[in-house]
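Listed here are the chains, written in short residue letters.
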Amino acid sequence: FEAWCKKNDIYSSRISCRTTGASIGGRGLFTDHDVREGEVLATIPARLLLTSNDKALWAGEIAAKAKVAEPVIAEWVSTWSGGFSEDLEAMGALGEGARRQVGVKLEKRRKQFEGAKVLYGLERDDWAMYNMIWSRACYLGPQWKNEIGIIPFFDMLNHTPKENVRLSSLGDAMRGFEGALKPADLDEKDMLIIAKEDIAKDSELLTCYLNEGKADSKEDRDELAARRMVVWGF
Ligand SMILES: C[S@@+](CC[C@H](N)C(=O)[O-])C[C@H]1O[C@@H](n2cnc3c(N)ncnc32)[C@H](O)[C@@H]1O
């Protein structure tokens, strides 16, 4: 994966992808040095992203693009894992209310998938890929007109409520800095991963998938737990 990143002009400043029990998600990105707040940890060329501006069936469009992607992208897609897997054991950890909501969300996902099959020519076997796409995609921000996409390298970050990095396109990061010059070798739509705080060497880089701070009723908490399960499988 790191060789793939290097070959495709993903610049990352001494960050490694590690498969280890020390990673909260089993595999994730780690610092190989002491990082300072504000440091740009990676730049990712816009051309590598798989994106969609279909608000309803975006995962279907991305799945269709992933299926016919050029070899370079296909090589990256083959590294994907995670997402919702109908893992009954994981589901057992949820309370009754949350489990009920998982059922409702799953029903909705299945209907969307049926729609995506028709519109984007997906097949029944694409269900696992479809779910994986849900678990790896994010909003790309104003520079991308809030399209949804999967960003190589960034998609290796695991979740924590208290993230230590943030994502921004170069264009969004530069907005407000009047007169700032764009680096000549970067595009406004290229994505940056920026340290939100000082991070010690050998720490996992983490982002927040889902803000759980606002859930103050049991129903809200169940809804969030269900969403976490159906989107990310944990
Ligand atoms: C965007 S990917 C992150 C990278 C992923 N660990 C990998 O190896 O490709 C999202 C998936 O990572 C796993 N994951 C992320 N954060 C996690 C956490 N806090 N606890 C358990 N699993 C997590 C889940 O399988 C989730 O569907």
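Residues numbered from 1 in each chain as written. Predicted model: local features only at pLDDT ≥ 70, side-chain atom pairs only at ≥ 80, totals over all residues. Heavy atoms only, no water.

Draft legend 1. Local environment of the pattern of salt bridges. The final tally for this structure, using the stated rule, is 20 salt bridges. Note that Glu 223 and Lys 105 form a salt bridge whose closest N and O atoms lie 2.5 Å from each other. Residue Glu 223 is located in helix α8 (residues 218–232), and its partner Lys 105 is located in helix α5 (residues 96–120); the two are separated by 118 residues in the primary sequence. Glu 114 is the salt-bridge partner of Lys 117, the closest N and O atoms lying 3.2 Å from each other. You can see Lys 117 and its partner Glu 114 sitting in helix α5, three residues apart, about one turn around the helix. Connected through shared salt-bridge partners, Arg 18, Asp 32, Lys 201 and Asp 202 make up one network. (Salt bridge = Lys/Arg side-chain N within 4 Å of Asp/Glu carboxyl O. Helix = DSSP H or I, 4+ residues; strand = E, 2+ residues; numbered from the N terminus.)

Draft legend 2. Expanded view of the sheet that holds strand β6 (residues 138–139). Strand order in the open sheet formed by three strands is β5-β7-β6, and the pairing between neighbours is antiparallel. Two strands bound the open sheet, and with one partner strand each, they are β5 (50–52) and β6. With three bridges connecting them, β5 and strand β7 (residues 148–150) associate as antiparallel partners. Bridge pairing links Ser 52 to Ile 148 in β7. Against the sheet, helix α2 (residues 58–67) contacts β5 and β7, and its axis sits at roughly 145° relative to β5. (Pairing = 2+ DSSP bridges. Contact = heavy atoms within 4.5 Å. Axes fitted to C-alpha atoms, helices over the stretch in contact; angles between N-to-C directions.)

Draft legend 3. Highlighting the environment of Ser 12. Here Ser 12 is to be found in strand β1 (residues 11–12). Taking C-alpha positions, Ser 12 is 27 Å from Lys 67, a pair spaced 55 residues apart along the chain. Residue contacts for Ser 12: discarding those within four places in its chain leaves Leu 41, Ala 42 and Phe 153.

Draft legend 4. Representation of the site of the ligand within the structure. As a structural note, the neighbourhood of the ligand is formed by 16 residues, with Arg 27, Gly 83, Asn 158, His 159 and Trp 232 the closest of them. Contact between the ligand and Ile 24: a nitrogen atom at 3.5 Å from a main-chain N or O atom of the residue. A distance of 2.8 Å is found between an oxygen atom of the ligand and a backbone nitrogen or oxygen belonging to Gly 83. Out of a free accessible area of 570 Å², the ligand has 87% covered by protein chains. (Near = heavy atom within 4 Å. Polar contact = N/O pair within 3.5 Å; in protein donor to acceptor, adjacent residues only side chain to side chain. Areas by Shrake-Rupley, 256 points an atom, 1.4 Å probe, with all protein chains shown as cover.)

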